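# Structural characterization, general
Read off the chains here:
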Amino acid sequence: MTKMNKESITQVSALLVHAAKIDEIYSEHEKELIKNFIESYLNKDNVNEILQEAEKIENNSNQLLNYTNKIKENS
């Protein structure tokens, strides 16, 4: 993937949260994996903030299709 901005990272993170919740178990290990993804693009100061926003998006979203477009754009 190319360099992504904060919005793109948040949206991709929402997809990762969604994938982690598919089995109805959202573990701390899965959260850490998502945090590692976020850290690979942004500094550590924003990790928890972005993860919280991604979780909020995932909880409020019935359709995550728009976020898959971000992945395609950055592939």
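Here the structure is shown first, and the text comes after it.
Given the structure is predicted, the values throughout are model-derived calculations rather than measurements.

The rules behind the values
- Residues numbered from 1 in each chain as written.
- Predicted model: local features only at pLDDT ≥ 70, side-chain atom pairs only at ≥ 80, totals over all residues.
- Heavy atoms only, no water.
- Helix = DSSP H or I, 4+ residues; strand = E, 2+ residues; numbered from the N terminus.
- Buried < 20%, exposed > 50% of the residue type's maximum accessible area, 1.4 Å probe, protein only.
- Expected span 1.5 Å × (residues − 1).
- Polar contact = N/O pair within 3.5 Å; in protein donor to acceptor, adjacent residues only side chain to side chain.

Across its full length, the protein chain carries 4 helices and 0 strands. Along the protein chain, from the amino end to the carboxyl end, the secondary structure elements read α-α-α-α. Burial status across the protein chain gives 39% buried among its 75 residues.

Our next topic: unusual backbone geometry. Even without glycine at this site, Glu24 takes up a positive phi of about 65°. Accessibility expressed as a relative area gives 75% for Glu24, which makes it exposed.

Along an α-helix, a turn takes 3.6 residues, which lines up residues three or four apart on a common side. Between its terminal C-alpha atoms helix α1 (residues 6-21) stretches 22 Å, which fits the 22 Å expected from 16 residues at 1.5 Å a residue. Every buried residue of α1 is accounted for by Ser8, Ile9, Thr10, Gln11, Val12, Ser13, Ala14, Leu15, Val17 and Ala20. The N-capping residue of α1, defined by a side-chain oxygen 3.2 Å from the backbone nitrogen of Glu7, is Asn5.

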